[in-house]
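A structural walkthrough
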Amino acid sequence: MIRQKLRKYELIYLVQPEATDEERGKIAERVEQAFEKFENARTLRKEDWGKRKLAYEIRKFNKAFYSYQLFVGPPGLTAELERVLRMLDGCIRYITIKLDEGLDPDSDFSQDVEPVRAQVRAAIVVDDDDDFEEDDDA
Amino acid sequence: MRKFGGYRGRRRKKVDRFQADKTLVVDYKDPSVLKYFVTERGKIVPRRVSGLTAKNQRRVTRAIKRARMVALMPFTTVKAH
């Protein structure tokens, strides 16, 4: 039997800024469940980028929680992930990007556990004090 | 006398930023690098202005478009009212 080759992907999804920790946990859980359905699917790294300012308004929100995940999985996994994320109301945007393909399921992916480069980090503005310049026309 | 902005004068040779600085990487997750390749309005700067090699220009373009999808960079900065 031919072993299925794996692909490496990264996923970013945005959760609406008013979500509670519990709601965000639920979304993360649903993402986890999608992984469990696939053999050899595994997360290499997970990052929480916190609440960031959006470059443009999405569903009337100016901020969102960013989550990043680097993983390997068989073809079909991203379709399932996107299906799951599309159904979740709290998720306002997601993107999956294929980084590599044709990977052997037995290979060692441990070098991928390092976090996103420092300069990327630096560009990430953690913004928790609420609304100092948005004009909420009330 | 040197003419200012005249096309007869010698033009400064453009350098590809990514070849000049090898530590600089094109990554859609890093808007701090990509911002050099868009105008104030958020439009992608053409190759004749950016001075990038064809290969790097393609990388940058793709990265900017990806960054826009997850709101890391704007499509445009003009706010509709």
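Bear in mind the structure is a predicted one, so any value in this text is a computation, not a measurement.

**With respect to the overall build of chain B**
When its secondary structure is counted, chain B shows four helices and zero strands. Going from N to C terminus, chain B has its helices and strands arranged as α-α-α-α. A burial count over chain B gives 25% of its 81 residues as buried. Taking the intrachain contacts of chain B between residues at least 6 apart in sequence as the baseline, contacts between residues at least 24 apart amount to 60%.

**What about the pairing of strand β3 (residues 61-73) of chain A?**
Residues and elements named next belong to chain A. Most of β3 is tucked away, with 10 of its 13 residues classed as buried. Sheet topology note: the strand β1 (residues 6-15)/β3 ladder contains nine bridges and is antiparallel. Pairing of Arg 7 across the sheet is with Gly 73, part of β3. Sheet topology note: the strand β2 (residues 42-58)/β3 ladder contains 11 bridges and is antiparallel. Residue Glu 47 lies in a different strand from β3, and its bridge partner there is Tyr 68.

**Comments concerning the environment of Asp 16 of chain B**
Residues and elements named next belong to chain B. Its place among the elements puts Asp 16 in the segment before α1 (17-20). C-beta crowding within 10 Å serves as the criterion here: with 17 such atoms nearby, Asp 16 is assigned to the partly exposed category. A C-alpha to C-alpha distance of 22 Å links Asp 16 and Arg 41, two positions 25 residues apart in sequence. Contact partners of Asp 16, with chain neighbours within four places excluded, come to Gly 51, Leu 52, Thr 53 and Asn 56.

**Things to note about the nonpolar core**
If you look at the biggest cluster of nonpolar residues, it comprises 37 residues, and the most contacted ones within it are Tyr 13, Leu 14 and Cys 91 of chain A together with Leu 34, Ile 64 and Ala 67 of chain B. Every element with two or more residues in this core is listed here: β1, α1 (21-36), β3, α2 (77-87) and β4 (91-103) of chain A together with α2 (31-34) and α4 (54-69) of chain B. With seven residues, the single largest contributor to this core is β1 of chain A. With residues near it in sequence (within four places) discarded, Cys 91 of chain A still touches Tyr 13, Leu 14, Val 15, Ile 27 and Leu 85 of chain A.

**Here we look at the interface of chain B and chain A**
Listed per partner, the contact involves 13 residues of chain B and 14 residues of chain A. Where the side of chain B that touches chain A is concerned, the elements lending two or more residues are α2 and α4 of chain B. Split into classes, the residues belonging to the side of chain B that touches chain A amount to eight nonpolar, one polar and four charged.

**Re unusual backbone geometry**
Residues and elements named next belong to chain A. Phi at Asn 40 takes a positive value of approximately 70 degrees, unusual for a residue other than glycine. Turning to its location among the elements, Asn 40 is positioned in the loop between α1 and β2. Even without being a glycine, Arg 59 presents a positive backbone phi close to 45 degrees. Looking at the secondary structure, you find Arg 59 in the loop between β2 and β3. For Arg 59, a count of 10 C-beta atoms within 10 Å translates into the label exposed.

Conventions adopted
Residues numbered from 1 in each chain as written. Chains lettered and ligands numbered in written order. Predicted model: local features only at pLDDT ≥ 70, side-chain atom pairs only at ≥ 80, totals over all residues. Helix = DSSP H or I, 4+ residues; strand = E, 2+ residues; numbered from the N terminus. Buried ≥ 20, exposed ≤ 12 C-beta atoms within 10 Å, placed from the backbone. Contact = placed C-beta atoms within 7 Å. Pairing = 2+ DSSP bridges. Core = buried A, V, L, I, M, F, W, Y, C linked by C-beta atoms within 7 Å. Nonpolar A, V, L, I, M, F, W, Y, C, P; charged D, E, K, R; others polar.

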